[in-house]
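Chain residues, written in single-letter form:
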Number of protein chains: 4
Amino acid sequence: MPSEKGQRKSFKQRLVLKSNLVKETLSEFLGTFIMIVLGCGSVAQAILSRGHFGGIVTVNVGFAMAVVMAIYVTGGVSGGHINPAVSFAMCLFGRMKWYKLPFYMGAQFLGAFVGAATLFGIYYDGLMSFADGKLLIVGENATAHIFATYPAPYLSLANAFADQVMATTFLLMIVFAIFDSRNLGVPKGLEPIVIGLLIIVISSSLGLNSGCAMNPARDLSPRLFTALAGWGSDVFTAGNNFWWIPVVGPMVGAVIGGLIYVLIIEIHHPDPDAGFQTESSEDKPEKYELSVIM
Amino acid sequence: MPSEKGQRKSFKQRLVLKSNLVKETLSEFLGTFIMIVLGCGSVAQAILSRGHFGGIVTVNVGFAMAVVMAIYVTGGVSGGHINPAVSFAMCLFGRMKWYKLPFYMGAQFLGAFVGAATLFGIYYDGLMSFADGKLLIVGENATAHIFATYPAPYLSLANAFADQVMATTFLLMIVFAIFDSRNLGVPKGLEPIVIGLLIIVISSSLGLNSGCAMNPARDLSPRLFTALAGWGSDVFTAGNNFWWIPVVGPMVGAVIGGLIYVLIIEIHHPDPDAGFQTESSEDKPEKYELSVIM
Amino acid sequence: MPSEKGQRKSFKQRLVLKSNLVKETLSEFLGTFIMIVLGCGSVAQAILSRGHFGGIVTVNVGFAMAVVMAIYVTGGVSGGHINPAVSFAMCLFGRMKWYKLPFYMGAQFLGAFVGAATLFGIYYDGLMSFADGKLLIVGENATAHIFATYPAPYLSLANAFADQVMATTFLLMIVFAIFDSRNLGVPKGLEPIVIGLLIIVISSSLGLNSGCAMNPARDLSPRLFTALAGWGSDVFTAGNNFWWIPVVGPMVGAVIGGLIYVLIIEIHHPDPDAGFQTESSEDKPEKYELSVIM
Amino acid sequence: MPSEKGQRKSFKQRLVLKSNLVKETLSEFLGTFIMIVLGCGSVAQAILSRGHFGGIVTVNVGFAMAVVMAIYVTGGVSGGHINPAVSFAMCLFGRMKWYKLPFYMGAQFLGAFVGAATLFGIYYDGLMSFADGKLLIVGENATAHIFATYPAPYLSLANAFADQVMATTFLLMIVFAIFDSRNLGVPKGLEPIVIGLLIIVISSSLGLNSGCAMNPARDLSPRLFTALAGWGSDVFTAGNNFWWIPVVGPMVGAVIGGLIYVLIIEIHHPDPDAGFQTESSEDKPEKYELSVIM
């Protein structure tokens, strides 16, 4: 009696999504949410304990492993971008179709916002007791940098922009290598771990200038949340209107990083499948096409 | 002469357990025991040395690697739950039969109790010399938090409960992803390592409120041991009777975490083996059945 | 002309060892040498810099990774024991033939001695300038604990012995699990890494009492070296003649640890190859025989 | 119409390098560049934040992971040497042809120089504000050791030379083991991670004397850059003209390290393919030939 069986299962079946795009959008939402709660949570624990239960090691390792876990949760469904700059680069280099980009980016910004709100809830008592209930942006009792990044006092806007461009350049250049099976090759299923190690080294080396956001969603959505939740609109004006740097810089850096890897390493691989010497390449329009920029 | 040989080997053979349930119960006992000795031991080393030979990094990494080792010892026999909340979620989501649950949970609570007693023995001289032989629960000479978790001074019971629910939600949600072979997939045999990294990030990000027990056996059994071993019954009343939070909270969080992963990621996988579209599913009653809650 | 070719290569060929036992002995010598230089070197860097360029994290990770590297260098040749307690347990549980034991142990003790001497040479200027050229065993300028372990002031001999027994029990119990392919299973080639993580957690949790030697060669040979090199014979009398504890304790603990794993986990595996139910077992006399103790 | 297609793709095709040597040279340039920016960047973050956002753990892990990432980017193309001492040893032990050596070394020195310049740019504002714009080599406001290594005050030249020889001996000896598939064997694609762990332990144990450069390009090129960029020629005279030690020492140590591994472990492997017993060995002139030194 297939029909009866079908009926019994129908509630479950109704929950199953048919559309890949909806699945992928949900997945990116969940992944970015996880990254923000656990990643910004690592910052929160260090700041709210005034360094007693966290510091540069737990913050760098914590944020990196938050990314690792987000990729394990979402990688098989949506690729685990959890970063608009990554999604943008994937489209630009022909690894994702452009029509998906607004869905991915929307999910990432929304997931980061909900993640910031959730973290605010988890540490509500802690935040309320930290500075007598005041939610501050500067000074030794500041807590705004739990959620978004702020520049070091010495940093000019020009250097800040170069910093975010360069950091994301390294991020994408090496992410491209990690997923390039014609290079040394990371064993399948361990790519997230190597990306985590990559984030550890970048945040240990290029994190001093401005906290190394490298991700518009990771920075802008939590900043917007803090503006609404009580820190006020100064989160946008602080640091000479720094807020746009971790939004625009990573988009530029992602393109440069991908470009460097492709031009110096990838296109030179001896590979019959690379697809720009024989006609059979037309069967694989999505790979190594560089359709826009080359 | 098979019979003679059988006789010569009979002592060894008599030791071999025929019942899977007994094997699994022993295994969970041993695994939880290992986790407590090495995990709470990492806390002990940091506290008894007043931070000179341990701190947040060694505690977080130590406890996480204690879990990793416990899973390597027990994973192939009993699945390496070492946590009643995990066993409960496994039953609820059709990954373990319900009749095993009391055996698993009993072994876990007992293993944690024996582990706490063993650790007390290993550090007996250290505990006796730390505060002139006094076993204290609060103050700078407190040692009770070597064994069980206690809330931060600022924490309300409501926030404490939410904290334990949320932390365990993240734990189970990501554990489900780690073992979901239709997602990105952790290479076989490395799942314990990734779970260890997961525990590092959760305890680095959500550990400030109340130490991030996420496990009723890990918290209640050592607490009971301290009550009996000299710290007194205040270990239960401390923190506004906090003791039940790390017992009930993780059970709730485990269900929510599993549910989020199943609903947002798992049931949408395109998989002919998933089993709720064809009749052949009746051959696999234990997988992806969600028999209770859906 | 095969003969001519053979002649041209003859110098190289003469160097090639025919005897497995000689190869294995050389391998254990080299492995223990590496472990001491890099492992005790991590302690040296922390002590000689008075904590500025090393601390509990670099010491625990450094010593663990020294073991990892020693195993990668020697594992394929001699099994990478680099520890007399491990070799003893391997013989006792039928995983190595008894006649090899004195060769393995001799190589380990000798390798550790040469390693200590080499480290002394590398840090000669540092040691000479640290305490105005005085080589001290106690006090804030002590350097003897770079090479061997010493007990904490609070520790009784009984607790010290229990400590070394217990630590090595956990070491061997979990090492047996790591190499038990019928359990969860560490991927081939990654066992050294997991052993490294194991050493990190044991030294983070059970290292406070007496530094967690768990290895007679690692402790006795460097101690002997310091006695000869200028620290004097007090290195043996210090801590109420503590020196024999990390020699005897690990031997006892290794047996207990192996026994616990075999009795609680290993012998219960359902395995047609286990060899104590059919006559065919006589073909594999070296595996799972427990020939001495059972 | 193949010709038309060829025309449309011609720009991309023109970028594709035909020569392996050019590819490899580019690859080594890029790899060394990455290592310096992220590796020396980890030192920069620790020094410019005066220890608040970096210390021995982030520096050692950061530099090690910088090497890991550089190898993932270049390993499949040029072998990921990123170190003239490694390339020299590879030639000496018959693993690379001699004619490539000057190209590899040139690329490594150039990549390190450009990397130092890039890092200078990223942290320009930070360097300018650190010591009121003064670029100093000694004292608490020194910044020259961000780029190159300098000896500890207590270190004699003889000990300094022995230190660099020994450190590189351990580096190469263990790197040879990591890539020796007839030994325990690191799983394919994970060699860079194990090399990273190796660098962590060496810099945690043998890093105190002089910072453990172990790489002529990593040290000399950034030192030259600092001489030109404002620190002045004293970067060469400092430490009793220390500059040549991390240039010559690693070359000597690399040879010794390779030699120890080959003589004690590698040539004794039972291997029909090893090639010095039968005539067929003449087909593989590049492997295990030890053509120069044996």
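Up top is the structure these notes are about.
Within any chain, residue numbers begin from 1 and follow the written order of that chain's sequence. Think of it this way: whatever chain is written first is A, whatever ligand is written first is 1, and the rest follow in order. In keeping with the model being predicted, local features are shown solely for residues with a pLDDT of at least 70 and side-chain atom pairs are shown and tallied solely at 80 or more, while totals for entire chains, interfaces and linings include all residues. Computation of side-chain values: all heavy atoms of the structure, hydrogens and water removed.

Participant: I'm lost on the interface of chain D and chain A in this one. Help?
Facilitator: Note: interface size is frequently given as the accessible area lost on complex formation between the parts. In this description, contact between two residues means that some pair of their heavy atoms is separated by no more than 4.5 Å. Contacts between chain D and chain A engage 54 residues on the former and 51 residues on the latter. Two parts placed together each lose some accessible area; with a 1.4 Å probe, that loss summed over both constitutes the buried area. Summing both partners gives a buried area of about 4,300 Å² for chain D against chain A, and 72% of it is carried by carbon and sulfur. By definition here, a salt bridge exists when the distance from a side-chain nitrogen of Lys or Arg to a carboxyl oxygen of Asp or Glu is within 4 Å. At the boundary of chain D with chain A, the tally comes to zero salt bridges. Within 3.5 Å is the distance limit for a polar contact, defined as a pair of N or O atoms, with the added protein rule that one can donate a hydrogen and the other accept it, and that residues adjacent in sequence qualify only through two side-chain atoms. Our count for the contact surface shared by chain D and chain A stands at 14 residue pairs in polar contact (both at pLDDT 80 or more). Among the residues forming the side of chain D that touches chain A, the class breakdown is 30 nonpolar, 18 polar and six charged. The nonpolar class holds Ala, Val, Leu, Ile, Met, Phe, Trp, Tyr, Cys and Pro. Asp, Glu, Lys and Arg form the charged class, and all remaining residues, Gly among them, are polar.

Participant: Even after reading the chapter, I still don't get the interface of chain A and chain B, so can you show me in this structure?
Facilitator: With 54 residues of chain A at the contact, the number on the chain B side is 51 residues. The junction of chain A with chain B conceals about 4,300 Å² of combined surface from both sides, 72% of it contributed by carbon and sulfur atoms. The interface formed by chain A and chain B holds zero salt bridges in total. Taken together, the elements giving at least two residues each to the side of chain A that touches chain B come down to helix 1 (2-8), helix 2 (10-15), helix 3 (20-48), helix 4 (56-78), helix 6 (101-122), helix 7 (124-130) and helix 9 (191-205) of chain A. The leading source of residues in the side of chain A that touches chain B is helix 4 of chain A, at 14 residues. In terms of residue class, the side of chain A that touches chain B is made up of 30 nonpolar, 18 polar and six charged. Counting from the N terminus, the helices are the DSSP runs of H or I reaching at least four residues and the strands are the DSSP runs of E reaching at least two.

Participant: Explanation requested: the relation of the copies chain D and chain A in the structure shown.
Facilitator: The relation between the two chain copies is a rotation about an axis coupled with a shift along that axis. Here the copies are superposed with least squares, the fitted atoms being C-alpha atoms of residues at a pLDDT of at least 70 in both. Superposition of chain D onto chain A requires a rotation of 90° combined with a translation of 0.0 Å along the rotation axis, giving an RMSD of 0.0 Å. Expressed as an axis order, the relation between the two copies is that of a four-fold axis. For chain D, the smallest separation between a C-alpha atom and the rotation axis is recorded for Val57 of chain D, amounting to 5.3 Å. With a heterologous cut-off of 20% or less, the 4% of interface residues of chain D that recur at the interface of chain A puts this contact in the heterologous class.

Participant: What am I meant to see in the relation of the copies chain A and chain B here?
Facilitator: Here chain A sits on chain B after a turn of 90° about the axis and a move of 0.0 Å along it, with an RMSD of 0.0 Å. An overlap of only 4% is found between the interface residues of chain A and their copies at the interface of chain B, pointing to separate contact surfaces.

Participant: In this structure, what is going on with the pattern of salt bridges? I would like to understand it.
Facilitator: A side chain with one charge may pair with a side chain of the opposite charge, provided their charged atoms come close. With the rule as written, the count across this model stands at 12 salt bridges over all chains. Between Arg223 of chain A and Asp219 of chain A there is a salt bridge, with its nearest N and O atoms 2.6 Å apart. Residue Arg223 of chain A and its partner Asp219 of chain A are located together in helix 10 (residues 216-231), separated by four residues, close to a single helical turn. Assigned by exposure class, Arg223 of chain A and Asp219 of chain A land together as buried. Close ionic contact of Glu24 of chain B with Lys100 of chain B constitutes a salt bridge, the shortest N to O distance being 3.2 Å. Residue Glu24 of chain B is found in helix 3 (residues 20-48), and its partner Lys100 of chain B is found in the loop between helix 5 (84-92) and helix 6 (101-122); the two are separated by 76 residues along the sequence. Of the two residues, Glu24 of chain B and Lys100 of chain B, neither departs from the other in class, the shared state being buried. When accessible area is computed with a 1.4 Å probe and restricted to protein chains, residues below 20% of their type maximum are described as buried, those above 50% as exposed, and intermediate ones as partly exposed.

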